[in-house]
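# Overview (structure and organization)
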Amino acid sequence: GLKTVSSASISVLGRLVTLNGLGQNVQYKLFDMQGNVVRSGYAAGNIDFGGVKSGSYLLKVKGSLEMTQKIVLK
């Protein structure tokens, strides 16, 4: 049968977030736990969140599909 599971994923290594399977022009928004937008922009593959305070955030990405994932920046 057809696989409906997306190959898209978000991985975090320190302050570098890697977007897999989301396309070349991905819009992202990083929210803190209070719902404020901390950082936003466009990316193709990697986002460097250097300068963002350590802690838990919600990352919303919109490329070939939309994903929201809780991430922790260390």
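Reading the values: rules and limits
Residues numbered from 1 in each chain as written. Predicted model: local features only at pLDDT ≥ 70, side-chain atom pairs only at ≥ 80, totals over all residues. Heavy atoms only, no water. Helix = DSSP H or I, 4+ residues; strand = E, 2+ residues; numbered from the N terminus. Rg over C-alpha atoms; globule rule 2.2 N^0.38 Å. Buried < 20%, exposed > 50% of the residue type's maximum accessible area, 1.4 Å probe, protein only. Contact = heavy atoms within 4.5 Å. Areas by Shrake-Rupley, 256 points an atom, 1.4 Å probe, with all protein chains shown as cover. Pairing = 2+ DSSP bridges. Axes fitted to C-alpha atoms, helices over the stretch in contact; angles between N-to-C directions.

### Here's the deal with the overall build of the protein chain
Each helix and strand in the protein chain was counted, giving 0 helices and 7 strands. Its helices and strands taken in sequence order, the protein chain reads β-β-β-β-β-β-β from the N to the C terminus. The C-alpha atoms of the protein chain give a radius of gyration of 12 Å, which matches the 11 Å a tight globule of 74 residues would have. The dimensions of the protein chain, computed from C-alpha atoms along their principal axes, are 45 × 20 × 20 Å. When each of the 74 residues of the protein chain is scored for burial, the buried share is 30%. Within the protein chain, residue pairs in contact and separated by at least 24 positions form 49% of the contacts whose partners lie at least 6 positions apart. Accessible area for the protein chain stands at about 4,800 Å²; split by element, carbon and sulfur atoms hold 50% of it.

### Remarks on the sheet that holds strand β1 (residues 9-13)
Strand order in the open sheet made by the 3 strands is β1-β2-β5, with antiparallel pairing throughout. Edge positions in the open sheet fall to β1 and β5 (46-48), since each of these has one partner strand only. Going across the sheet, the axis of each strand differs from the next one's by a mean of 20°, ignoring polarity.

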